[in-house]
Amino acid sequence: MIENEHVIELLDAYALGALEEAETNSVEAHVADCVECWNEMTTAQEAAGLLSLSVAIHEAPARLGERIISTAQRETSPVPIERRRGFWGRFSRPIGIGAMGVASVAVIAVGLTMQQQVDDLEAENAALNAELRAETFALEQELADTEARVAEQEILFAVSSDENAQEFAVAPRSGSVEGSASYAYSPDARQGVVECIGLEPLPPGMLYQLWVESDEGTHPMATFQPVDGECLVTMSLGYLESAPTAIGITTEMIPGGLDEPSTPWLLYSEIPQD
Ligand SMILES: [Zn+2]
């Protein structure tokens, strides 16, 4: 090759590394002194870069394909058949022990990274599940509270709107008892409301408990802690087979766990029967 002859038609192959060593040297010697070929080489190198991203925008000279193929054939040594077997046979190029070592480390590293990602996702999932359970529990509590309030409001409405409702005081059983209570009962709805005023606060672990007596026995109705001495307790008595005959309030340590009051009546009144 004459050094002052332009090398434009070799530049695409040069940019792809597909030239013989002698041609490579000639191209490099020429472009060092030729602005035109230098510019062309820059273009070819940009095209080669894009080619590696599978975007061919540069029309290759007729012989380029042949050059690339022959160069590739020259650089690829025959692959021993044993190497193709097994896991490493998936690689299309022959892999030396060193390369296999690097590949193994890379595969293990990728495996560890993926395992870490799986662990992270599982941890994240567990955290989200715990959060979801907590939120579900909170919502269930809120729903139960709301349902209880709605049921309470329904009873209050039923009793207060019943023209035949009976109302009377639940009287203290001794002069030393503070507070008072009243009881309103709707015979039609078979629901009642107890209101208290001026009840003493109780020591920790103790609650007031409301009871109703009937011919069947004594029935625990509700436990409550007064707020500022006051209470508003609603009762559904529909499950009783006979009409309530008396109503009373005691203080208890084990709320709801007793069939009979364990302390004397604090407030108590018989219910007038029609
Ligand atoms: Zn030139």
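Our subject is the structure listed above.
Residues numbered from 1 in each chain as written. Predicted model: local features only at pLDDT ≥ 70, side-chain atom pairs only at ≥ 80, totals over all residues.

Enquirer: Tell me what's going on with the environment of glycine 229, and back it up with residues and numbers.
Expert: Within the fold, glycine 229 resides in the loop between strand 5 (217–224) and strand 6 (231–236). Note on glycine 229: 13 C-beta atoms within 10 Å, which makes it partly exposed. Through-space distance from the C-alpha of glycine 229 to that of serine 180 is 9.7 Å; in sequence the pair is 49 residues apart. In this structure glycine 229 touches Gly179, Ile197, Gly198 and Leu199, once residues within four positions along its chain are discounted. (Helix = DSSP H or I, 4+ residues; strand = E, 2+ residues; numbered from the N terminus. Buried ≥ 20, exposed ≤ 12 C-beta atoms within 10 Å, placed from the backbone. Contact = placed C-beta atoms within 7 Å.)

Enquirer: Lay out unusual backbone geometry with the relevant residues and their values.
Expert: Of note in this structure, arginine 190 is not a glycine but carries a positive phi near 55°. Structurally, arginine 190 can be placed in the loop between strand 2 (180–186) and strand 3 (191–197). Despite not being glycine, aspartate 228 has its phi angle at roughly 55°, a positive value. Tracing the backbone through its elements, the reader meets aspartate 228 in the loop between strand 5 and strand 6. The class for aspartate 228 is exposed, based on 9 C-beta atoms found within 10 Å.

Enquirer: Pulling in residues and values, what's your account of helix 3 (residues 35–51)?
Expert: Given a rise of 1.5 Å per residue, 17 residues ought to cover 24 Å, and the 24 Å separating the end C-alpha atoms of helix 3 matches this to within 8%. The inward-facing, buried residues of helix 3 abut helix 1 (8–15) and helix 2 (21–31). (Expected span 1.5 Å × (residues − 1).)

Enquirer: Residues and numbers for the sheet that holds strand 5, please.
Expert: Ordered by their spatial adjacency, eight strands build an open sheet running 5-4-7-8-1-2-3-6, and the pairing between neighbours is antiparallel. With one partner strand each, in any of the chains shown, strand 5 and strand 6 form the two edges of the open sheet. Direction aside, neighbouring strands of the sheet carry axes that sit 25° apart on average. Sheet analysis places strand 1 (residues 166–172) next to strand 2, joined by five bridges and oriented antiparallel. Following the sheet pairing, glutamine 166 is matched in strand 2 by tyrosine 185. (Pairing = 2+ DSSP bridges. Axes fitted to C-alpha atoms, helices over the stretch in contact; angles between N-to-C directions.)

Enquirer: Break down the packing of helix 1 against helix 2 for me, with residues and values.
Expert: The contact between helix 1 and helix 2 brings their axes to 10 Å, and the two run at 115°. Seen from above, helix 1 lies across helix 2 with left-handed handedness. For the pair formed by helix 1 and helix 2, the contact residues are Leu10, Leu11 and Tyr14 on the first element and Glu23, Thr24 and Val27 on the second. Each residue belonging to the contact of helix 1 with helix 2 can be placed in one class, and the counts come to four nonpolar, one polar and one charged. (Left-handed = near helix turned anticlockwise from the far one by under 90°. Nonpolar A, V, L, I, M, F, W, Y, C, P; charged D, E, K, R; others polar.)

Enquirer: So, the pairing of strand 4 (residues 207–214): which residues are in play, and what are the values?
Expert: In the sheet, strand 4 pairs with strand 7 (residues 246–252) via seven bridges, with the strands oriented antiparallel. Directly across from leucine 210, in strand 7, lies its bridge partner isoleucine 249. Alignment of strand 4 against strand 5, held across seven bridges, turns out to be antiparallel. Residue pairing for strand 5: tyrosine 208 is matched across the bridge by phenylalanine 224. In this antiparallel pair of consecutive strands, strand 4 and strand 5, the connection spans two residues.

Enquirer: So, the packing of helix 1 against helix 3: which residues are in play, and what are the values?
Expert: Orientation of helix 1 relative to helix 3, taken along the N-to-C sense of each, is 35°, at an axis distance of 8 Å. Taken as a pair, helix 1 and helix 3 cross one another with a handedness that is right-handed. Side by side, helix 1 and helix 3 meet where Ile8, Leu11, Asp12, Tyr14 and Ala15 of the first sit next to Cys37, Glu40, Met41, Ala44, Gln45, Ala47 and Ala48 of the second. A class-by-class count of the residues in the contact of helix 1 with helix 3 yields nine nonpolar, one polar and two charged.

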